[in-house]
Amino acid sequence: MSHIAVLGLGAMGRRMAANLLKAGHQVVVWNRTAKAAEPMLALGATQAATPKDAAAGADFVLAMVRDDAASATVWLDAETGAFAGLRPDAIAMDSSTLSVDWIKKLGAEAANRGVTLLETPVSGSLPQADAAQLIFLVGGSADACKKAEPVLLAMGSTVNHTGDIGTGALTKLATNALLGIQVTAIAELIGMLHRNGADAQKIMGIIAGTAVWSPYAQRAIGALLSGEAPLMFPVELIEKDFGYALKAAGSPDAAPTIAAARSVFQRGMNEGLGDANLTSVVKLFRT
């Protein structure tokens, strides 16, 4: 079994750390708010004061943080960053949803330091994280991906090597853009049906029997019809991801559908839905 550091114990990170512990790995954790580590300590993890301390002696160091800025701090801070604590044969992995530009910069910084970096973003939300059924979208060295695969499979069901550093982020951002576009489209259609006095549940059920329906739509339709759902993926986070996707696309004109979907989530944030589940934007269209 491996010695693994997990940096970031938010909703996803703590579930991933828990599955590593269940698989028998030695896990050291760090979180910006130290109290968040307490459930992991109860499961057998140890706690480090800084990312640098957590990385010391680890075979693998996994970060799962909010955005580019948090990733930069966790890895590169001059005093506490994890790169400063990595031993030469360790593998750094960042599972955060990051911009393509940033992960490429981080990859270049890692190479300059002689560090092996994999980008390891995931497809899947809290139920998949709980069940160790995440799908990993790995960018970087194929050899490093092979070495990391047993660790990743303790947290997920599938490891996909997408190509060089940057392709993992592109795959994740494309996946999340398609997710968000589906949500906004179905939300608008439900609004259209309600405005016309139609039975939205019945008609969406009919559409669900056609070839255009997706597995995600099938899971989300109940929440979209009711307007209520447990928090899985906040509006504010998918809006962030849309921003990264548009940056990768080059401009809103290059990806007008993505830009339009992002505007729906921005409107949701402006109307107080930022910390609600992404399906809550249906409330914007129901009158």
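Residues numbered from 1 in each chain as written. Predicted model: local features only at pLDDT ≥ 70, side-chain atom pairs only at ≥ 80, totals over all residues. Heavy atoms only, no water.

### Observations concerning the overall build of the chain
Across its full length, the chain holds twelve helices and nine strands. Its C-alpha atoms give the chain a radius of gyration of 20 Å, near enough to 19 Å, the size a compact globule of 287 residues would have. If one aligns the C-alpha atoms of the chain with their principal axes, the spans along those axes are about 65 × 40 × 35 Å. Relative to its full complement of 287 residues, the chain shows a buried share of 51%. Considering only contacts within the chain whose residues lie at least 6 apart along the sequence, 64% involve residues at least 24 apart. Counting every atom, the chain has about 12800 Å² of accessible surface; 54% of that belongs to carbon and sulfur. In the chain, 23 positive and 25 negative side-chain charges are present, and the distance between their average locations comes to 4 Å. (Helix = DSSP H or I, 4+ residues; strand = E, 2+ residues; numbered from the N terminus. Rg over C-alpha atoms; globule rule 2.2 N^0.38 Å. Buried < 20%, exposed > 50% of the residue type's maximum accessible area, 1.4 Å probe, protein only. Contact = heavy atoms within 4.5 Å. Areas by Shrake-Rupley, 256 points an atom, 1.4 Å probe, with all protein chains shown as cover. Lys, Arg positive; Asp, Glu negative; His and termini not counted. Charge placed at Lys NZ, Arg CZ, Asp CG, Glu CD.)

### A few points about the packing of aromatic side chains
Scanning the model with the defined rule gives two aromatic pairs in all. Between the aromatic rings of Trp75 and Phe83, the centroid separation amounts to 5.2 Å while the plane-to-plane angle is 40°, which identifies the pairing as tilted. Plain terms: the ring middles of Phe242 and Phe265 are 5.7 Å apart, the flat faces sit at 25° to each other, and that makes the pair stacked. Within this pair, whereas Phe242 is found in helix α11 (residues 235-249), its partner Phe265 is found in helix α12 (residues 256-270), the two being separated by 23 residues in sequence. Its guanidinium or amino end placed over the ring of Phe285, Arg267 lies 5.6 Å from that ring's centre, counting from NZ or CZ. (Phe/Tyr/Trp six-rings, centres within 6.5 Å; stacked < 30°, edge-to-face > 60°. Lys NZ or Arg CZ within 6 Å of the ring centre and 35° of its normal.)

### A word on the environment of Gln218
Counting through the fold element by element, Gln218 comes out in helix α10 (residues 215-226). On the basis of relative accessible area, Gln218 is assigned to the partly exposed category, the value being 46%. Between the alpha carbons of Gln218 and Gly24 there is a distance of 35 Å; along the sequence they are 194 residues apart. Excluding its chain neighbours within four sequence positions, the residues that come into contact with Gln218 are Ala208 and Trp213.

### Focus: the packing of α11 against α12
Where α11 meets α12, the closest approach of the two axes is 9 Å, and the angle between their N-to-C directions is 150°. When the axis of α11 is compared with that of α12, the two are roughly antiparallel. In the packing of α11 onto α12, the handedness of the crossing is left-handed. Within the contact between the two elements, α11 uses Val235, Glu236, Ile238, Glu239, Phe242, Gly243, Ala245 and Leu246 and α12 uses Ile258, Ala259, Ala261, Arg262, Phe265, Gln266 and Met269. Broken down by class, the residue content of the contact of α11 with α12 amounts to ten nonpolar, two polar and three charged. (Axes fitted to C-alpha atoms, helices over the stretch in contact; angles between N-to-C directions. Parallel < 35°, antiparallel > 145°, perpendicular 65-115°, else oblique. Left-handed = near helix turned anticlockwise from the far one by under 90°. Nonpolar A, V, L, I, M, F, W, Y, C, P; charged D, E, K, R; others polar.)

### Examining the pairing of strand β9 (residues 156-163)
As defined by bridge partners, strand β8 (residues 134-139) adjoins β9 across six bridges and the pair is classed as parallel. Its bridge partner lying in β9, Phe136 is registered against Val159. At this point the chain moves from β8, through helix α7 (residues 142-152), to the parallel β9, and the crossover so formed is right-handed. (Pairing = 2+ DSSP bridges. Right-handed = clockwise from strand over helix to strand, strands pointing away.)

### Details of the packing of helix α8 (residues 167-195) against α10
Two elements in contact, α8 and α10, have axes whose closest approach is 11 Å; the angle formed by their N-to-C orientations is 45°. It follows that α8 is oblique to α10 by the angle criterion. Handedness of the α8/α10 crossing: right-handed. Contact residues: Leu179, Gln182, Val183, Ile186, Ala187 and Ile190 in α8; Tyr216, Ala217, Ile221, Leu224 and Leu225 in α10. Among the residues making up the contact of α8 with α10, the classes are represented as ten nonpolar, one polar and no charged.

Nothing here speaks to function; it is geometry throughout.
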